[in-house]
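One-letter residues, chain by chain:
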Amino acid sequence: MSVGLSLRLCALAAIFVGALATPALAQGTGCSVTVPRADQVVPDDGSHDATALSEAVRAATNHERCRRGLAPLSADATLIKAAARYSAEMAQRGFFAHRSPVTGRQTLRQRANDAGIGNVTIAENLITGFFLAYKNGAQFSVIDAEECTFRDAKTGNIYDRLTYGTMGESLVTRWMDSPGHRDNILTPDLARHGFGLAVDPDETALCGGNIGTQLFAGN
């Protein structure tokens, strides 16, 4: 992949497959990421801590990279801001795609230039989901919609709300199960990372929906 000319795109529209117990973070020089608020529930009203959530996603991403001998990704504030902006753009305008209808921001390269990321290798993963550890296709009953409590109709188990830690793990697990997203996560010449989440105003089931953007860039 030639630095400055390459870009990779991959989108995943699916429901969370379930919360995971937070595993040990990636180990090794530069591999560990401390996740702020790891055990706190991610609010579904857009008031989440953007830095904490991006760090949770980076921790899970670095775990996958480092255990395969790849260099860990560093946090990049510009990428976090750009990812959050694109997630908000999709949520507010009602689309989910790598190509935006906004003039001058249609392509990933245009958005990267607009954000000042530079002429480097870039990649983008997209994802949608909910704020609950909801198993795809499961039937559920509502206990208290205002408090976001739902019960699995078959097992009777109450769905857990996703925390910063478990949301980061869930997102990366889903991406790793998809070849295109996995390739982006495991691309050797990517070095910087940012993730941003926005609430989907049209999705009210299961405490609301969300749209997430993961951005990568080379040095």
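What counts and how
Residues numbered from 1 in each chain as written. Predicted model: local features only at pLDDT ≥ 70, side-chain atom pairs only at ≥ 80, totals over all residues. Heavy atoms only, no water. Disulfide = S-S within 2.5 Å. Helix = DSSP H or I, 4+ residues; strand = E, 2+ residues; numbered from the N terminus. Buried < 20%, exposed > 50% of the residue type's maximum accessible area, 1.4 Å probe, protein only. Expected span 1.5 Å × (residues − 1). Salt bridge = Lys/Arg side-chain N within 4 Å of Asp/Glu carboxyl O. Pairing = 2+ DSSP bridges. Contact = heavy atoms within 4.5 Å.

Participant: Please provide a residue-by-residue account of the state of the cysteines, values included.
Facilitator: Taken as a whole and judged by the stated rule, the model has two disulfides. In this model, cysteine 31 is linked to cysteine 66 through a disulfide, with the two sulfur atoms separated by 2.2 Å. Taking the sign of the S-S torsion, -95° for the link of cysteine 31 and cysteine 66, the bridge is left-handed. In this pair, cysteine 31 is assigned in the loop between β1 (7–13) and α1 (50–66) and cysteine 66 in helix α1, connecting sequence segments 35 residues apart. The disulfide that involves cysteine 148 links it to cysteine 207, with 2.3 Å between the sulfurs. A residue pair is termed long-range when its members are at least 10 positions apart, and cysteine 148 in the loop between β4 (140–144) and β5 (149–152) and cysteine 207 in the loop between β6 (192–200) and β7 (209–217) qualify at 59 residues. Across the pair, cysteine 207 and cysteine 148 agree in class, each one buried. Cysteine pairing for the protein (bonded cysteines numbered in sequence order): 1-2, 3-4.

Participant: With reference to specific residues and values, describe helix α4 (residues 164–176).
Facilitator: A rise of 1.5 Å per residue sets the reference length of α4, with its 13 residues, at 18 Å; its end C-alpha atoms lie 18 Å apart and thus fit the reference within 8%. With respect to burial, α4 is a largely interior element, twelve of its 13 residues being buried.

Participant: Talk me through the pattern of salt bridges; I want residue IDs and the actual numbers.
Facilitator: Applying the stated criterion across every chain yields a total of nine salt bridges. Its salt-bridge partner being arginine 67, residue glutamate 64 comes within 3.3 Å of it at the nearest N-O pair. Across the pair arginine 68 and glutamate 64 runs a salt bridge, and its minimum N-O distance is 2.7 Å. What makes glutamate 64 buried here is its relative accessible area of 14%.

Participant: Go over the pairing of β6 with me, naming the residues and quoting the values.
Facilitator: Where burial is concerned, most of β6 is hidden: seven out of the nine residues are buried. Pairing between strand β2 (residues 74–75) and β6: two bridges, direction parallel. Bridged to serine 74 within β6 is arginine 192. Here β6 runs beside β7; their pairing, made up of nine bridges, is antiparallel. Its bridge partner being in β7, alanine 198 is matched across the sheet by isoleucine 211.

Participant: Which residues make up the environment of serine 141, and what are the values?
Facilitator: Residue placement: serine 141 occurs in strand β4. Ignoring any residue separated from it by four or fewer positions in sequence, one finds serine 141 in contact with Phe150, Arg151 and Ala153.

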